[in-house]
Amino acid sequence: TQFVTIPHLTEDACMVFYVTTEHTYVGDLEVWIGRWDPSSSMYLEQKIWDHHGGSNLQFTVNVKGLQNVHNWRLRVVDSAAGDEGSITEFYDLIG
């Protein structure tokens, strides 16, 4: 799990999250991105990767309309035994 905090943005700002993982088989992985919801005191998550095959994972996630959300979480779940890996990069490009 990785976290990122984003400063206040203008209404027309565009956010793109950049994610890179190293893993022996990314087909074992589920990847979720979540935004902090203060009214429920929890992260509201959306699955952005669901057991697609390969050996390493690199992708971007475009986010629109959530400029007032400042706390984000990336959560990776490995659903199989015997492999290992890590999140090597998780950051936000703002433009």
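Above this text is the structure in question.
Residues numbered from 1 in each chain as written. Predicted model: local features only at pLDDT ≥ 70, side-chain atom pairs only at ≥ 80, totals over all residues. Heavy atoms only, no water.

Draft legend 1. Region of the structure containing the sheet that holds strand 6 (residues 71-78). The sheet built from four strands is open, its strands ordered 1-6-3-4 with antiparallel pairing. Strands with a single pairing partner mark the edges of an open sheet, and in this sheet they are strand 1 (2-5) and strand 4 (42-50). Pairs of neighbouring strands in the sheet enclose a mean axial angle of 20°, with direction left out of account. The pairing of strand 3 (residues 29-37) with strand 6 spans seven bridges and is antiparallel. When the bridges of strand 6 are listed, Glu 30 appears paired with Val 77. (Pairing = 2+ DSSP bridges. Helix = DSSP H or I, 4+ residues; strand = E, 2+ residues; numbered from the N terminus. Axes fitted to C-alpha atoms, helices over the stretch in contact; angles between N-to-C directions.)

Draft legend 2. Structural context of the environment of Val 4. Locating Val 4 in the fold gives a position in strand 1. With 66 residues separating them along the chain, Val 4 and His 70 place their C-alpha atoms 8.1 Å apart. Those residues in contact with Val 4, other than ones at most four positions away along the chain, are Phe 17, His 70, Asn 71, Trp 72 and Phe 90. (Contact = heavy atoms within 4.5 Å.)

Draft legend 3. Region of interest: the pattern of salt bridges. Counted under the stated rule, the structure contains four salt bridges. For Arg 73, the salt bridge identified is with Glu 45, shortest N-O distance 3.0 Å. Here Glu 45 lies in strand 4 and Arg 73 lies in strand 6, a separation of 28 residues in the sequence. According to the relative accessible area criterion, Arg 73 is buried, its value standing at 18%. Glu 45 gets classed as partly exposed once you look at its relative accessible area, which sits at 28%. The partner of Lys 47 in a salt bridge is Asp 50, and the shortest N-O contact between them spans 3.6 Å. Take Lys 47: its relative accessible area is 31%, and that puts it in the partly exposed class. (Salt bridge = Lys/Arg side-chain N within 4 Å of Asp/Glu carboxyl O. Buried < 20%, exposed > 50% of the residue type's maximum accessible area, 1.4 Å probe, protein only.)

Everything listed here is a matter of coordinates, which is why it stays silent on function.
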